[in-house]
Amino acid sequence: MRNELNELVTFAMVARERSFTRAAVKLGVSQSALSHTIRGLEQRLELQLLARTTKSVAPTAAGAALLEDLAPALEQIARALDRARSIRHRPAGRLRIAMSRSAAVMVLLPRLTAFAEAYPDIVLDVVTTTGPVDLVAGEFDAGIQLGEYIQKDMIAVRVTPQLRLAVVGSPRYFASRSIPQKPKDLNEHRCITLRLPGGPYRWEFERGRQSVRMGVNGPLIVDDTHLVIQAALDGVGLGLAYEEQVAGYVAKRQLVRVLEDWTPPTPGFFMYYPSRQHQPAALSALVNVLRLSQQ
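Parameters at a glance
Residues numbered from 1 in each chain as written. Predicted model: local features only at pLDDT ≥ 70, side-chain atom pairs only at ≥ 80, totals over all residues. Heavy atoms only, no water. Pairing = 2+ DSSP bridges. Helix = DSSP H or I, 4+ residues; strand = E, 2+ residues; numbered from the N terminus. Right-handed = clockwise from strand over helix to strand, strands pointing away. Contact = heavy atoms within 4.5 Å. Axes fitted to C-alpha atoms, helices over the stretch in contact; angles between N-to-C directions. Parallel < 35°, antiparallel > 145°, perpendicular 65-115°, else oblique. Nonpolar A, V, L, I, M, F, W, Y, C, P; charged D, E, K, R; others polar. Phe/Tyr/Trp six-rings, centres within 6.5 Å; stacked < 30°, edge-to-face > 60°. Buried < 20%, exposed > 50% of the residue type's maximum accessible area, 1.4 Å probe, protein only.

*Asks:* Hey, could you go over the pairing of strand E4 (residues 122-128) for me, with residue numbers and the actual values?
*Replies:* Summarising the sheet, strand E3 (residues 93-99) and E4 pair through 7 bridges and their orientation is parallel. Bridge pairing in E4 links Ala98 to Val127. Each parallel crossover has a hand, and the one from E3 via helix H5 (residues 101-118) to E4 is right-handed.

Given below as structure tokens:
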């Protein structure tokens, strides 16, 4: 099929130009290669498509009829190729992006209005997930994920500074309970567990050279940190969320932060995608808007 299309394009160019010389220049091939291609097409069709002399070239009746039938299809192919090329150079089209709800709220939403106004021809198709995603298998253009979960063969662009986790509980919860002073004290508390695809998240703590990774227990298991925060506000138990997510509640004394000296910074969120080669303009635009240097 590919060879046939090449032959037909070659024939159309020679027939329109009425010159092997001009057609060869436009197609970027030699005149002998053009002559060989046309002879092969004529032999397969068992028709003479071009009448040629030493001074001129013109389509025969059969060649003129074929050219007339080919013209609409070739024009449609040319338009399709132009549209495909425009995706590389003009920020437009649909981008399918995978991210957690936390990443959507913390990274994307604060910049979404400005992005939509700057690039009205781009549609962001956002799918929220609760864990690492195989972009290629899921047919995603890119994702936003915590740095420690991104595969090493991905291109990664930082979109947040380092983040810290915070253990919080409501004043109502602590009204009848002691404040935990060290991670093992959590064994005496009700904790809200975050469920990830690989199982319940084990809370991680570090202070100096000491590091602790522990499972927690409590009356609730959810798959979204926003549900963790709401349950903590309601006094269900202690929750673990990003510092940025709970800072406002802590400032208003709706939540009490504990074990602060045991929560070191984490790498933060990165936007990641498979390759820089032939990157669509729409993806480049989103990367440039979200990268940390733009904040």
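Moving on, there is more to tell.
*Asks:* Got a sec to walk through the environment of Leu292? Specific residues and values, please.
*Replies:* Considering the arrangement of structural elements, one finds Leu292 in the segment after helix H9 (281-290). Distance in space between the C-alpha atoms of Leu292 and Phe270 is 9.1 Å, their sequence separation being 22 residues. Setting aside residues no more than four positions away along its own chain, Leu292 makes contact with Arg158, Val159, Thr160 and Pro161.

*Asks:* I'd love a proper account of the sheet that holds strand E16 (residues 269-273), names of residues and values included.
*Replies:* Pairing is mixed in the open sheet, where 5 strands are placed in the order E4-E3-E5-E16-E6. The open sheet has two edge strands with one neighbour each: E4 and strand E6 (155-158). In this sheet, neighbouring strand axes are inclined to one another by 25 degrees on average, regardless of whether the strands run parallel or antiparallel. Sheet topology note: the E6/E16 ladder contains 4 bridges and is antiparallel. From the neighbouring strand, Val157 faces E16, where its bridge partner is Met271. Against the sheet, H5 contacts E3, E4, strand E5 (142-146) and E16, and its axis sits at roughly 165 degrees relative to E4.

*Asks:* Explain the packing of helix H2 (residues 20-27) against helix H3 (residues 31-45) to me, using residue names and the numbers behind them.
*Replies:* Interhelical geometry of H2 versus H3 gives an angle of 105 degrees and a closest axis separation of 9 Å. Between H2 and H3, the crossing angle belongs to the class labelled roughly perpendicular. Mapping the contact onto sequence places Phe20, Thr21, Ala23, Ala24 and Leu27 in H2 and Gln31, Leu34, Ser35 and Ile38 in H3. Tallied by class, the residues present in the contact of H2 with H3 amount to 6 nonpolar, 3 polar and no charged.

*Asks:* An account of the packing of aromatic side chains is needed here, citing residue identities and associated values.
*Replies:* Evaluation of the coordinates by the stated rule reveals 3 aromatic pairs. Aromatic side chains Tyr173 and Phe174 sit 5.4 Å apart centroid to centroid with 80 degrees between the ring planes, which places their arrangement in the edge-to-face category. Across this residue pair, the class does not change: Tyr173 and Phe174 are buried. Aromatic side chains Tyr242 and Phe269 sit 5.7 Å apart centroid to centroid with 65 degrees between the ring planes, which places their arrangement in the edge-to-face category. With Tyr242 in strand E13 (residues 239-242) and Phe269 in strand E16, the pair connects residues that are 27 residues apart, well separated along the chain.

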